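# An overview of the molecular structure
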Amino acid sequence: MSFSLLNSNVGKTKPLLLIILFTIAALAGLFTYQSLQNDFETLDGEKYSWSGLKGQWVIVNYFAPWCAPCLREMPELALFHQSLPNDTQLFAINYDPKTKAELTAMIKKHDIAVPVVISSSDTKLPMDKPPYLPATFIVGPNGNIKDTIMGEVTAAKLRQRLSELKSAEQD
């Protein structure tokens, strides 16, 4: 009698165990899939998603090595990057797609000291490629573009404009 009682409990436990294992496997797959999703990657290997940047101000600067004003503003962007407000990120992206090796060589040659996004077909940005350079976009904490600055920028100009936009958000 006790063997048949034990056997009937095992029969009821198998479907429950299979459901639990299936649920764990599905959740693990979902977690793995989500962890592999990113909207862009920087040359140093950091991966970012726009949903992960919610709540932060993000500045994206388009540049190219053939653009003299772009290269003139790079030291200003580096200066701004050194004293970023806590809720702010800065990225530069080359206008023309380049391989990692080409991008690394270009960054070394021009002494670019800000995080550089690898431009590829998988890169997802909330703005279209600008019609001319340099171009700087300020993305608000909700993921929407709050301002576009066409032409050279300085660290002071970026700080001032960011402060104005933040003040306007609080009103």
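Structure report, in brief.

## Description of unusual backbone geometry
The residue after L133, namely P134, is reached through a cis peptide bond having omega -10°. On the secondary structure map, P134 appears in the loop between strand 5 (116–117) and strand 6 (135–139). Even without glycine at this site, D111 takes up a positive phi of about 50°. Checked against the element boundaries, D111 lands in the loop between helix 3 (100–110) and strand 5. The exposure class of D111 is exposed, given its relative accessible area of 65%.

## Quick word on the packing of aromatic side chains
Tallied over the full model, the rule gives 7 aromatic pairs. Centre to centre, the rings of Y48 and F91 are 4.9 Å apart; their planes meet at 70°, and the pair counts as edge-to-face. Residue Y48 is found in strand 2 (residues 47–48), and its partner F91 is found in strand 4 (residues 88–94); the two are separated by 43 residues along the sequence. Looking at Y48, the relative accessible area reads 18%, which means it is buried. A relative accessible area of 1% means that F91 is categorised as buried. A network of ring pairs unites the aromatic residues F40, Y48, W50 and F91 as a single cluster. The lysine or arginine in question, K129, covers the ring of Y95, its NZ or CZ lying 4.4 Å from the ring centre.

## With respect to the sheet that holds strand 6
By definition, the strands of a sheet pair up through backbone hydrogen bonds, in either a parallel or an antiparallel sense. Taking strand neighbours across the sheet as the criterion, the 5 strands line up as 5-4-3-6-7 in an open arrangement whose pairing is mixed. Looking at which strands have only one partner, the edges of the open sheet turn out to be strand 5 and strand 7 (145–150). In this sheet, strand 5 lies alongside strand 4 in parallel orientation, the contact comprising 2 bridges. Across the sheet, the residue bridging to A92 is V116, located in strand 5.

## Structural notes on empty space enclosed by the protein
Inspection of the entire model under this criterion finds 1 cavity of 30 Å³ or more. Roughly 50 Å³ of volume is contained in the largest cavity. For the largest cavity, the full set of lining residues is W50, L53, K54, Q56, V58, V139, G140, P141, N142 and G143.

## Topic: the state of the cysteines
Here the structure, examined in full by the defined rule, presents 1 disulfide. A sulfur-sulfur distance of 2.3 Å marks the disulfide that ties C67 to C70. Here C67 and C70 share a disulfide; its torsion about the S-S bond, 80°, makes the bridge right-handed.

## Brief notes about the side chain of N94
Residue placement: N94 occurs in strand 4. A polar contact of 2.5 Å, which involves the side chain of N94, links it to the backbone oxygen of D96. The contacts of N94, once residues within four sequence positions are left out, are F63, A64, P65, L103, M106, V117 and S119.

## Details of the pairing of strand 4
Judged by how many residues are buried, strand 4 sits mostly within the fold: 6 of 7 residues are covered. When strand 3 (residues 57–63) meets strand 4, the two strands line up parallel, connected through 7 bridges. Bridging across to strand 4, W57 finds its partner in T88. Between the parallel pair strand 3 and strand 4, the chain is carried across by helix 2 (residues 68–82), and the sense of this crossover is right-handed. Viewed along the sheet, the connection from strand 4 through helix 3 into strand 5 turns out right-handed.

The rules behind the values
Residues numbered from 1 in each chain as written. Predicted model: local features only at pLDDT ≥ 70, side-chain atom pairs only at ≥ 80, totals over all residues. Heavy atoms only, no water. Helix = DSSP H or I, 4+ residues; strand = E, 2+ residues; numbered from the N terminus. Buried < 20%, exposed > 50% of the residue type's maximum accessible area, 1.4 Å probe, protein only. Phe/Tyr/Trp six-rings, centres within 6.5 Å; stacked < 30°, edge-to-face > 60°. Lys NZ or Arg CZ within 6 Å of the ring centre and 35° of its normal. Pairing = 2+ DSSP bridges. 1 Å grid on protein atoms, 1.4 Å probe; cavity = no way out; pocket = protein on both sides within 12 Å on 5 of 7 lines; lining within 4 Å. Points joined across faces, edges and corners; volume = space filled by probe spheres on them. Disulfide = S-S within 2.5 Å. Polar contact = N/O pair within 3.5 Å; in protein donor to acceptor, adjacent residues only side chain to side chain. Contact = heavy atoms within 4.5 Å. Right-handed = clockwise from strand over helix to strand, strands pointing away.

The values reported here are purely geometric and, on their own, carry no functional implication.
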